[in-house]
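Each chain is listed here by its residues.
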Amino acid sequence: MSLVAGNVEALAGLEGLVCDLDGVIYRGPEPIEGSPEAIERLRELGVHVVFCTNNANPTIGRYIEKLGSMGVSVERDDLVTSAVVMAELLAEEGAAGRSAIVVGGEGLREAFDSIDVVVDDDPSSRTADYVVVGFDPDFTYESLKRASFAVQDGARLVAANADASFPAPDGLWPGAGSLVAAIEVASGGRARVMGKPHEAMMRVAARHLGGASKIAIAGDRPNTDLEGGRVMGWATILVLSGVTARAEIDQVEPRPDIVLERLADLPDLLTEV
Ligand SMILES: [Mg+2]
C-alpha cells in the first residue's frame, strides 16, 4: 500500500489538482522519481493539473522549459507563480500605466510587462505607485533605501511571498520574506502577500483549474501548501519527497488528509476510490 497515512475517501471524485513544484515534481535541478509519469497518468484519469509555486523569479518560459526537459508538458495557463497572481490582481485593480520599483528577478518583470506596468530602474528615482518584492540575490542597502523611500512616499508594497527562508545545499538561505521584512521595518509599511498560503494565490489557482469543483493540493510544506488548501476547503496531500520528513508527520499542522511518500503514489490511489 502506497498510502503513508490518511483517508483515501478524501480524494473521491477528484477533478482538479493544485501541484507544488519544488519538493514534489523536482528537487532543485533533479526530477523526483515517478513524478513526470504521475502527471501524465493523472491527466489520463481526467484530473486537471495546475502547478503552483511561490518562486516568482524564473519566467514562465523558463518553467515550461525546465518541466519539459523532465518530461512534463505544460501550457502557460497551467502555471501559477506568485508573479502571475500579482499580475492578475494588479490588472484587476487597474494598475496598467502605473509604475513599479522591483526588488526581484525576471519573473516579476515579465509579469509587469504583461499588464503594462512600467518598471522604473532608474536608481535615482525614489517614488513609484508600487514597490514589489521577490527573492533577490542582488539585494543591497541601496535597494532597501530606494524601496523604503518609495513606500514612505505612498507606494503600495506588494510581496511575491513571505517565505522566510528556503533550503539550499549549504543551509537555509534568506527568502523573499526576509527582504520584505527589511523593507517593512525600514519604511513602516505593510506588504500585501501574494503567494501560498494567502488566499490571492489560492483563488487564482482555482480559476486556472476552470470549472473543477473537487480540488486537492499536493505539496511538501505544511505552512504554505497544506495551509493554503485548508483555507480553500480543498483536500490536502502531503508528500515526503521535499522538506517534511516522515518522522515529523505526527506534528504537522494543519493535518493533511493524505500523506504519500511521493506524487508517483497518487494515480493508483485515485483508481481505488
Ligand atoms: Mg515545495
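Predicted model, so just to flag it, every value in this text is computed and none were measured.

(A) Structural detail: the coordination of the magnesium ion. Within the protein, Asp20 (OD), Asp22 (O) and Asp220 (OD) serve as the donor atoms for the magnesium ion, at 2.1 to 2.2 Å. When the donors of the magnesium ion are listed by position in the chain, the intervening gaps give D-x1-D-x197-D. Pair noted here: aspartate 22 is in the loop between strand E2 (16-19) and strand E3 (26-27) and aspartate 220 is in the loop between strand E14 (215-219) and helix H8 (222-232), with a separation of 198 residues, a long-range link.

(B) Examining the domain arrangement of the chain more closely. Splitting the chain by domain gives domain 1 (3-54 + 196-270) and domain 2 (83-193). Facing 11 residues of domain 1, the contacting portion of domain 2 comprises 11 residues. Both faces considered, domain 1 and domain 2 share a buried interface measuring about 890 Å² in area, 55% of it formed by carbon and sulfur atoms. For the pair domain 1 and domain 2, the number of links is 2 salt bridges. Here glutamate 92 and arginine 207 are joined by a salt bridge, their closest N and O atoms 3.1 Å apart. On the surface where domain 1 and domain 2 come into contact, there are 5 residue pairs in polar contact (both at pLDDT 80 or more). A per-element tally of the side of domain 1 that touches domain 2 places helix H7 (residues 199-208) first, with 5 residues. Considering only residue class, the side of domain 1 that touches domain 2 consists of 4 nonpolar, 4 polar and 3 charged.

(C) Spatial organisation of helix H4 (residues 106-114). Looking at H4, one finds that the buried residues are Gly107, Leu108, Ala111 and Phe112. For H4, the buried positions fall inside an angular range of 135° around the axis, keeping them on one side. Summarising the geometry of H4, the exposed residues directed more than 90 degrees from the buried face are Glu106, Asp113 and Ser114. Among the structural elements, helix H3 (82-92), strand E7 (99-103), strand E8 (118-119) and strand E9 (130-133) are those in contact with the buried residues of H4. Just downstream of H4 lies aspartate 116, where phi reads positive at about 60°.

(D) Structural view of unusual backbone geometry. Of note, the bond from lysine 196 into proline 197 is cis; its omega dihedral lies within 30 degrees of zero at 5°. Following the sequence through the fold, proline 197 ends up in the loop between strand E13 (192-193) and H7. The amide bond that connects glutamate 253 to the next residue, proline 254, takes the cis arrangement and shows omega of -10°. By the element assignment, proline 254 lies in the loop between strand E15 (235-239) and strand E16 (258-260). Phi at aspartate 116 is positive, roughly 60°, even though this residue is not glycine.

(E) The sheet that holds strand E10 (residues 156-159), seen in detail. Strand order across the open sheet formed by 5 strands is E8-E7-E9-E10-E13, with parallel pairing between neighbours. Strand pairing shows two members of the sheet lacking a second neighbour, E8 and E13, which therefore form its edges. Sheet topology places E7 next to E9; 4 bridges connect them, and they run parallel. Note that in E9 the partner of alanine 100 across the bridge is tyrosine 130. Strand contacts of H4: E7, E8 and E9, with the helix running at about 165° to E7, the strand carrying the most contacts.

Definitions and limits used
- Residues numbered from 1 in each chain as written.
- Predicted model: local features only at pLDDT ≥ 70, side-chain atom pairs only at ≥ 80, totals over all residues.
- Heavy atoms only, no water.
- Donors = N, O, S within 2.8 Å, 3.2 Å for Na, K, Ca; no water.
- Helix = DSSP H or I, 4+ residues; strand = E, 2+ residues; numbered from the N terminus.
- Domains from an automatic or database assignment.
- Contact = heavy atoms within 4.5 Å.
- Buried area = accessible area lost by both parts, 1.4 Å probe.
- Salt bridge = Lys/Arg side-chain N within 4 Å of Asp/Glu carboxyl O.
- Polar contact = N/O pair within 3.5 Å; in protein donor to acceptor, adjacent residues only side chain to side chain.
- Nonpolar A, V, L, I, M, F, W, Y, C, P; charged D, E, K, R; others polar.
- Buried < 20%, exposed > 50% of the residue type's maximum accessible area, 1.4 Å probe, protein only.
- Arc of directions from axis to C-beta.
- Pairing = 2+ DSSP bridges.
- Axes fitted to C-alpha atoms, helices over the stretch in contact; angles between N-to-C directions.

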